[in-house]
Amino acid sequence: MPTTSTRKVATSGRPRAIAGRKNPRAKIVVPGNRGIKVTRAITIRKSATELYRFWRELPNLAQVIRHHVEITAKTDDESHWVVSAPMGTVAWDALIVNDEPDRLIAWRSREGGDVDNAGSVRFEPAPGDEGTEVTVALEYDPPGGKLGAAIAKFTRDSAASQVYDALRRLKALLEAGEIPTIEGQPVGGPQRPRKGRK
């Protein structure tokens, strides 16, 4: 049976996280019941290793997120995100707080960003040896609060819709090598024969 290693995430002030103590980098980002919670999953016919590697290279995610997003890796564990949202552009710095190769990546936003958020992505074997089940759990405090989240839901810009869409696009990209699109396609509907032709 292969062994799995867990990478310890360095804390501020200490070279390594101390076993049995709370990691100060994993603090609560969205306090109380203020945040919007989203959990979505999809089965992808690829190995957990391949999916983990794709996700761990954070700029890769811009390929599967439909809205305009800029993801800049600052260090191995920190990134800067700029995302278009229904009410304008929002930005934040994110920090990976838990990294278990081929199994889990968890993150939280740093203080001072436009959107407080925290989340994780898990890679688990799918039933029947049919690939990997990818589960994204996200909690965020939307711009405009719960009212902003309600407006986004009606415009199909809710976080739940965006996460589901990104997972579907990830599946298409990694299984088929491309993301299907209707851009450049003629409008559907019955085709009428040209005059003089049947």
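It should be emphasised that the depicted structure is a prediction, and the values quoted were computed from it without experimental measurement.

So, the overall build of the protein chain
Part 1: Helices and strands together make up the secondary structure of the protein chain, namely 3 helices and 7 strands.
Part 2: In sequence order, the secondary structure elements of the protein chain are arranged as β-α-β-β-β-β-β-β-α-α.
Part 3: Buried residues in the protein chain amount to 36% of all 198 residues.
Part 4: In the protein chain, of all internal contacts separated by at least 6 residues, the share reaching a separation of at least 24 is 51%.
Part 5: Put simply, the protein chain shows about 12,800 Å² of open surface, and 52% of that area lies on carbon and sulfur atoms.

Overview of helix 1 (residues 48-56)
Three- or four-residue spacings in an α-helix give side chains the same orientation, since the helix completes a turn every 3.6 residues.
Part 1: Among the residues of helix 1, those classed as buried are Ala48, Leu51, Tyr52, Phe54, Trp55 and Arg56.
Part 2: Tucked into the core, helix 1 has its buried residues touching strand 1 (36-44), strand 4 (88-100), strand 5 (104-109), strand 6 (116-125), strand 7 (132-141) and helix 3 (159-176).

Examining the sheet that holds strand 6
Part 1: What the 7 strands build is an open sheet, ordered 1-7-6-5-4-3-2; its pairing is antiparallel. Edge strands, defined here as strands with exactly one partner in the open sheet, are strand 1 and strand 2 (69-73). Across the sheet, the mean angle separating the axes of adjacent strands is 20° when strand polarity is ignored.
Part 2: Here 5 bridges tie strand 2 to strand 3 (residues 78-85), and the two strands are oriented antiparallel to one another. Looking at strand 3, one finds that Ala73 is bridged to Ser79.
Part 3: Those strands touched by helix 1 are strand 1, strand 4, strand 5, strand 6 and strand 7, and its axis lies near 160° from that of strand 6.
Part 4: Sheet contacts for helix 3: strand 1 and strand 7; angle to strand 1, the most-contacted strand, approximately 20°.

Considering the environment of Lys74
Part 1: Structurally, Lys74 is set in the loop between strand 2 and strand 3.
Part 2: Residue Lys74 is classed as partly exposed on the basis of its relative accessible area of 48%.

Concerning the pairing of strand 5
Regular strands have side chains that alternate between both faces of the sheet.
Part 1: With 6 of 6 residues buried, strand 5 lies mostly within the body of the structure.
Part 2: Alignment of strand 4 against strand 5, held across 6 bridges, turns out to be antiparallel. When the bridges of strand 5 are listed, Asp99 appears paired with Ile105.
Part 3: Remark: 3 residues form the turn of the hairpin made by strand 4 and strand 5, two consecutive strands paired antiparallel; Asp102 in that turn has positive phi of roughly 65°.
Part 4: Both strand 5 and strand 6 contribute to a ladder of 5 bridges, which runs antiparallel. Across the sheet, residue Ala106 finds its bridge partner in strand 6, namely Ser120.
Part 5: Connecting the antiparallel pair strand 5 and strand 6 is a turn made up of 6 residues, with Gly112 showing a positive phi of about 95°.

Comments concerning the packing of helix 1 against helix 3
Part 1: Their axes nearest at 12 Å, the elements helix 1 and helix 3 cross at an angle of 120°. For helix 1 against helix 3, the interelement crossing comes out right-handed. Mapping the contact onto sequence places Leu51, Phe54 and Trp55 in helix 1 and Leu167, Leu170, Leu173 and Leu174 in helix 3.
Part 2: Grouping the amino acids of the contact of helix 1 with helix 3 by side-chain chemistry returns 7 nonpolar, no polar and no charged.

Procedures and definitions
Residues numbered from 1 in each chain as written. Predicted model: local features only at pLDDT ≥ 70, side-chain atom pairs only at ≥ 80, totals over all residues. Heavy atoms only, no water. Helix = DSSP H or I, 4+ residues; strand = E, 2+ residues; numbered from the N terminus. Buried < 20%, exposed > 50% of the residue type's maximum accessible area, 1.4 Å probe, protein only. Contact = heavy atoms within 4.5 Å. Areas by Shrake-Rupley, 256 points an atom, 1.4 Å probe, with all protein chains shown as cover. Pairing = 2+ DSSP bridges. Axes fitted to C-alpha atoms, helices over the stretch in contact; angles between N-to-C directions. Left-handed = near helix turned anticlockwise from the far one by under 90°. Nonpolar A, V, L, I, M, F, W, Y, C, P; charged D, E, K, R; others polar.

So, to be careful, I would describe these as geometric facts and stop short of saying anything about function.
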